[in-house]
Amino acid sequence: MLLQSDQELLYREPEPETDCSLLERPEEQPDTSKREIFGWCLYSWSSEPFIVSVVGTYVPLLLEQLARDNGVLNSDRTTPCNPKKNPATPEPLPPQQPSPDSTCVLPLFNGHYYVDTSSFALYTFSLSVLVQTLLVISLSGAADRGSHRKQILIIMGLLGSLFTIAYLFINDSQYYTASTLAVLANSCYGVANVCGNAFLPLLTKFHPELKKISKNDRNYIDKKGLISSKISGKGAATGYVSALIMQLLTMSMIIHLRKKKPHEIHAESEDTIWPIQVAISMVGIWWFVFQLPLKWLLQSRPGPPLEFHLHGTSTIINHLHIIRSYTIFGWSTLKHALNQTKDLKDISIFLLGWFIISDSLTTINSAAILFARSQLEMSTLALSVIGILTMVSAILGATLIPNVIQPKFNISTKDMLLYIIIWAALIPCWGILGFFTDKIGLRSPIEMYGLSAWYGFALGGLATVSRSLYGLLIPPGQESIFYSVFSVTDKGSSILGPLIVGLIIDKTHNIRYCFYFLFGLLILALPIMNALDVSRGMDEANDLAEESGTIAV
């Protein structure tokens with residue numbers, strides 16, 4: 001509302017659908033209900049197919065194919081890589097032995113730069129994560145104030161789904177447009193993901209089972225971690241089930257459009273990108289449809305309202321000033337949060353370790369897909385099967401780790417994370433073996449199927465354990481901003497990983513060399529995460545919350 005004063009207007013943002021008393025006392029909120037947990041899981045259900053199927057499988061393949069269709073041979077930088085795109089050009093004889101000059105490169109900016117066709121997708125994702133990070137920071141402050149967290153989650157999800165659907169309308173020469181859509185859609189997903197993750201500590205904090213235990217009880221920390229892990233596990237498993245369903249549906253659609261039988265899954269690469277475009281757009285429609293019910297299922301879980309002064313009475317000017325104020329608040333709060341992490345030793349340790357882990361694991365996926373396509377010559381359908389195997393294993397990892405493995409063997413959340421890192425490090429290690437033998441080490445498609453299952457189990461476990469562990473270390477009342485710090489760390493590493501791997505590919509024209517880089521990152525993360533002390537971190541977070549005026553749990 002606007003309150004008139006002598007020279008200026010005092011603006012307090014109204015909060016429809018939100019009890020005003022909750023805005024004044026955000027710690028006094030209703031208990032977490034099964035309906036709300038279902039709504040939070042639906043957020044994963046709607047958006048996870050995008051990051052798994054679109055970002056993880058189809059967009060890298062689409063960008064690589066578009067780059068190859070519009071690329072030229074590195075030997076003379078004039079002969080098209082795909083003669084079928086230019087029938088007047090005779091098909092060149094293949095070289096007797098592969099060499100950097102025989103590789104395909106894509107001219108960018110009127111031929112001022114040439115990049116390997118496999119690098120084009122990696123550079124695109126680096127740029128998308130940079131834009132995503134800037135957007136996340138700008139909106140994070142608004143997400144922590146009032147009920148905007150829920151609103152931003154829904155709006156950015158809807159926008160991201162529309163950009164994904166737009167892939168249906170590009171043609172095979174619009175590689176710039178395809179790259180731009182990837183940047184826009186991935187940026188929207190990143191903001192929605194930060195807002196969605198920020199609900200987890202609140203769902204845990206107000207869970208009825210946790211309220212039954214005294215905060216001074218010695219089992220309080222373990223109980224809180226277990227509840228957080230179970231909720232996080234449900235969300236992760238739900239998302240992976242959704243991604244699995246969409247992977248099956250899109251694979252069936254690709255088979256139908258290409259009029260091929262399932263046993264022809266290893267057929268040579270097809271000339272048209274249309275089936276991939278349809279598959280990507282199907283994921284966008286899925287995201288859009290299931291994003292809508294969040295409006296009724298999720299509670300706002302409001303924070304304190306933001307107040308600031310407006311000069312003048314122009315509605316447009318005032319709204320621009322409001323947007324500007326929220327943006328400044330987001331950046332200043334992030335700066336304050338980064339300064340606070342200096343006093344939060346264990347959050348600093350976690351973020352450093354997570355920067356390294358995320359850099360490696362997210363880049364492994366893109367590098368493996370491009371490796372399978374360019375080196376093993378696996379078709380889109382074969383890579384869809386790999387996506388399905390990854391999702392099945394991820395569901396098992398997200399379900400078994402918090403509900404079976406951790407309770408049965410009494411493994412702490414921190415130790416579970418260390419075991420997952422070791423598990424994941426074996427993936428790039430296997431790729432490195434290919435330098436020393438031509439029998440194993442990603443020398444055949446069958447190995448890709450096995451490693452996809454191995455990777456999926458690690459991915460599912462990591463999604464559950466990392467969110468749960470970080471949620472325990474966040475100062476109460478500052479969930480969105482600290483999850484934005486988490487996202488900046490996560491996405492910041494995702495800028496560097498694909499960029500460095502892309503440079504390695506451009507330098508060597510051999511994707512296999514990137515496995516050394518990825519393996520080294522995971523090994524480096526082990527001693528860092530081992531230095532984490534969860535109990536000390538929770539005490540530090542509660543002390544900071546009390547000093548800053550928020551309510552400690």
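Residues numbered from 1 in each chain as written. Predicted model: local features only at pLDDT ≥ 70, side-chain atom pairs only at ≥ 80, totals over all residues. Heavy atoms only, no water.

1. Details of the environment of serine 384
Right, so step 1: Looking at where serine 384 falls in the secondary structure, it is placed in helix H13 (residues 380-409).
Right, so step 2: Apart from the residues lying within four places of it in its own chain, the contact partners of serine 384 are Tyr58, Gln247, Met251 and Ile254. (Helix = DSSP H or I, 4+ residues; strand = E, 2+ residues; numbered from the N terminus. Contact = heavy atoms within 4.5 Å.)

2. With respect to the pattern of salt bridges
Right, so step 1: Counting across every chain of the model gives 2 salt bridges.
Right, so step 2: Between arginine 68 and glutamate 64 there is a salt bridge, with its nearest N and O atoms 3.0 Å apart. You can see arginine 68 and its partner glutamate 64 sitting in helix H2 (residues 34-69), 4 residues apart, about one turn around the helix.
Right, so step 3: The partly exposed category is assigned to arginine 68, whose relative accessible area is 29%.
Right, so step 4: Salt-bridge contacts for arginine 536 lead to aspartate 346; the nearest nitrogen and oxygen are separated by 2.7 Å. You can see arginine 536 sitting in helix H18 (residues 534-548) and its partner aspartate 346 sitting in helix H12 (residues 345-374), a full 190 residues away along the chain. (Salt bridge = Lys/Arg side-chain N within 4 Å of Asp/Glu carboxyl O. Buried < 20%, exposed > 50% of the residue type's maximum accessible area, 1.4 Å probe, protein only.)

3. Observations concerning the pairing of strand E4 (residues 104-108)
Right, so step 1: Within E4, 5 of the 5 residues are buried, leaving the element largely enclosed by the surrounding structure.
Right, so step 2: For strand E3 (residues 72-73) and E4, the ladder comprises 2 bridges, and the chain directions are antiparallel. Across the sheet, residue valine 72 finds its bridge partner in E4, namely valine 105.
Right, so step 3: Note that E4 and strand E5 (residues 113-116) share 4 bridges and pair antiparallel. Along E5, the bridge assignment pairs leucine 106 with valine 115. (Pairing = 2+ DSSP bridges.)

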